[in-house]
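# Examination of the molecular architecture
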Amino acid sequence: MTSKINLILFLLVCTVISSCNSQEKVGGLALYTVRDAMGVDAKETLKQIANTGYKNIEAAGYKDGKFYNMTPEDFKSFLKEVELNPISSHHSSVTLENADKMMADVKAAGFTYFVVPIPPMGMFQYNNKNNTMSMKGTALELSKILDILGKKANAAGLELLYHNHDFEFQKNSNGVVIIDYLLENCDPKYVNFQMDLFWVTKAGADPLDYFKKYPGRFIIWHVKDMDEQGRFAPVGEGSIDFARILAQKETSGMKYYMVEQDATYDDLKPLEAIKISHKALNKIGFK
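We now turn to the structure provided with this report. Nothing here was measured: the structure is a model prediction, and the numbers come from that model. (Residues numbered from 1 in each chain as written. Predicted model: local features only at pLDDT ≥ 70, side-chain atom pairs only at ≥ 80, totals over all residues. Heavy atoms only, no water.)

### Digging into unusual backbone geometry
Although it is not a glycine, Glu-83 adopts a positive phi angle of roughly 60°. Glu-83 gets classed as exposed once you look at its relative accessible area, which sits at 56%. The residue Met-121 is not glycine, and still its phi comes out positive at about 60°. Looking at where Met-121 falls in the secondary structure, it is placed in the loop between strand 6 (113-116) and strand 7 (124-127). Overall, the relative accessible area of 36% leaves Met-121 in the partly exposed class. (Buried < 20%, exposed > 50% of the residue type's maximum accessible area, 1.4 Å probe, protein only. Helix = DSSP H or I, 4+ residues; strand = E, 2+ residues; numbered from the N terminus.)

If you want it as structure tokens, here you go:
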């Protein structure tokens, strides 16, 4: 009798362990959120991200041909070891001259999407005094650069996306709304978009209007919330109606989404913030 009870207990334990191990992971995380921790111990941080329940990642730590001080091949191998999928990678330092090498490394690391997070090649401007972003040069110039980079990405086996902030939704000195110009003039075969839902909201625009006007162009979303002061907040802790936006996922063209929080406040650590955000994903309906 004792041996039968022990066997039953053993089988129950195995079932529980199997159930936990087979628990479906959801969501992606933009590693920019945990950039400080990645700089201290990238591998341990990635393990914590995987243990939190994320399944996809977006890199933002490429330098001198390496991702977080790992070769593209080693980075890809470690991500596989901890069961994280490399989806997209941000590259603010891309130029027409370094793009081919950079994109080859992104491909070797296993990524699918090469993301241009700001107007490249010196076009981006940041004002420290009032904490605002802007762009020098014209929307036409930016669109031509993105088309060239998009063709290079395509040749490398990648897809190019442009990531927005808020300034692209405002009229520039020529009366042009930059994001609209890019959507209307960049070749969709080579250039599509990563919509940052926080910055769209910050700009006073409605993501759904853009989904309707430019369907299928917003392949990845950045999902981050906004608190009462207009600051970054963990998903589900702010005022953005993600369920309303998520209902139009198919129209937008979204294939992946990445939780991101540029900064945390009131002693909340980024690694804790990503846990709060992850718990909110299922409640909102993200899969």
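### A few points about the packing of helix 3 (residues 42-52) against helix 12 (residues 270-284)
The interhelical angle for the contact between helix 3 and helix 12, taken along N-to-C directions, is 20°, at an axis separation of 10 Å. Judged by the angle between their axes, helix 3 and helix 12 are roughly parallel. Our pair here, helix 3 against helix 12, has a crossing hand that is right-handed. Each of Thr-45, Gln-48, Ile-49 and Thr-52 in helix 3 lies in contact with helix 12, whose residues at this interface are Leu-271, Ile-274, Lys-275 and His-278. Here the residues of the contact of helix 3 with helix 12 are counted per class, giving 3 nonpolar, 4 polar and 1 charged. (Axes fitted to C-alpha atoms, helices over the stretch in contact; angles between N-to-C directions. Parallel < 35°, antiparallel > 145°, perpendicular 65-115°, else oblique. Left-handed = near helix turned anticlockwise from the far one by under 90°. Contact = heavy atoms within 4.5 Å. Nonpolar A, V, L, I, M, F, W, Y, C, P; charged D, E, K, R; others polar.)

### Notes on the sheet that holds strand 2 (residues 56-59)
The 8 strands are arranged 1-2-5-6-9-10-11-14 in a closed barrel whose pairing can be described as parallel. For this sheet, the mean inter-axis angle between neighbouring strands, taken without regard to orientation, is 30°. Pairing analysis gives 3 bridges linking strand 1 (residues 28-30) to strand 2, with the strands arranged parallel. Counted as the bridge partner of Ala-30 is Glu-58 from strand 2. (Pairing = 2+ DSSP bridges.)

### As for the packing of aromatic side chains
According to the stated counting rule, one finds 18 aromatic pairs in the structure shown. The interplanar angle of 45° and the centroid separation of 6.1 Å between the aromatic rings of Phe-124 and Phe-167 together place this pair among those described as tilted. Here Phe-124 is found in strand 7, whereas its partner Phe-167 is found in the loop between strand 9 (159-163) and helix 7 (178-185), with 43 residues between them in sequence. Judged by centre distance (4.5 Å) and plane angle (35°), the ring pair of Phe-198 and Phe-232 falls under tilted. With Phe-198 in helix 8 (residues 197-202) and Phe-232 in strand 13 (residues 232-233), the pair connects residues that are 34 residues apart, well separated along the chain. In this structure, Phe-198 and Phe-232 share a single accessibility class: buried. Among the aromatic side chains, those forming a connected cluster through ring pairs are Tyr-62, Phe-67, Tyr-68, Phe-75 and Phe-111. One residue, Arg-35, lies across the ring of Tyr-32, its end atom 3.9 Å from the ring centre. Positioned over the ring face of Tyr-265 is Arg-231, at 4.1 Å from the centre of the ring. (Phe/Tyr/Trp six-rings, centres within 6.5 Å; stacked < 30°, edge-to-face > 60°. Lys NZ or Arg CZ within 6 Å of the ring centre and 35° of its normal.)

### Observations regarding the side chain of Ser-277
In this structure, Ser-277 sits in helix 12. Residues within four places of Ser-277 in sequence aside, it is in contact with Tyr-54, Pro-234, Val-235 and Val-259.

### Topic: helix 3
Taken together, the buried positions of helix 3 are Ala-42, Thr-45, Leu-46, Ile-49, Ala-50 and Thr-52. Buried residues of helix 3 fall within an arc of 160° about the axis and therefore sit on the same side. Its buried side turned inward, helix 3 meets strand 1, helix 2 (35-40), strand 2, helix 4 (72-81) and helix 12. Two residues or fewer after helix 3 comes Gly-53, characterised by a positive phi angle close to 115°. (Arc of directions from axis to C-beta.)

### A short note on the side chain of Asp-166
Within the element layout of this structure, Asp-166 appears in the loop between strand 9 and helix 7. Buried and unpaired, Asp-166 has Lys-202 as its nearest opposite-charge partner, separated by 6.8 Å. Asp-166 has contacts with Met-133, Trp-199, Lys-202 and Ala-203, leaving out every residue within four places of it along the chain. (Lys, Arg positive; Asp, Glu negative; His and termini not counted. Salt bridge = Lys/Arg side-chain N within 4 Å of Asp/Glu carboxyl O.)

### Description of the environment of Asp-100
Here Asp-100 lies in helix 5 (residues 99-108). We classify Asp-100 as partly exposed; its relative accessible area is 45%. For the pair formed by Asp-100 and Leu-281, sequence separation is 181 residues and the distance between their alpha carbons is 36 Å.

### Notes on the pattern of salt bridges
Scanning the model with the defined rule gives 9 salt bridges in all. Close ionic contact of Lys-224 with Asp-196 constitutes a salt bridge, the shortest N to O distance being 2.9 Å. Taken as a pair, Lys-224 in the loop between strand 11 (218-223) and strand 12 (225-226) and Asp-196 in strand 10 (residues 191-196) lie far apart in primary sequence, 28 residues in all. Glu-272 is paired through a salt bridge with Lys-275; the nearest N and O atoms lie 3.5 Å apart. Taken together, the residues Glu-272 and Lys-275, both in helix 12 and 3 residues apart, mark about one turn of the helix. Looking at Glu-272, the relative accessible area reads 38%, which means it is partly exposed. According to the relative accessible area criterion, Lys-275 is partly exposed, its value standing at 35%. Shared partners join several salt bridges into a network, and the residues in it are Asp-196, Lys-224, Glu-260 and Asp-262.

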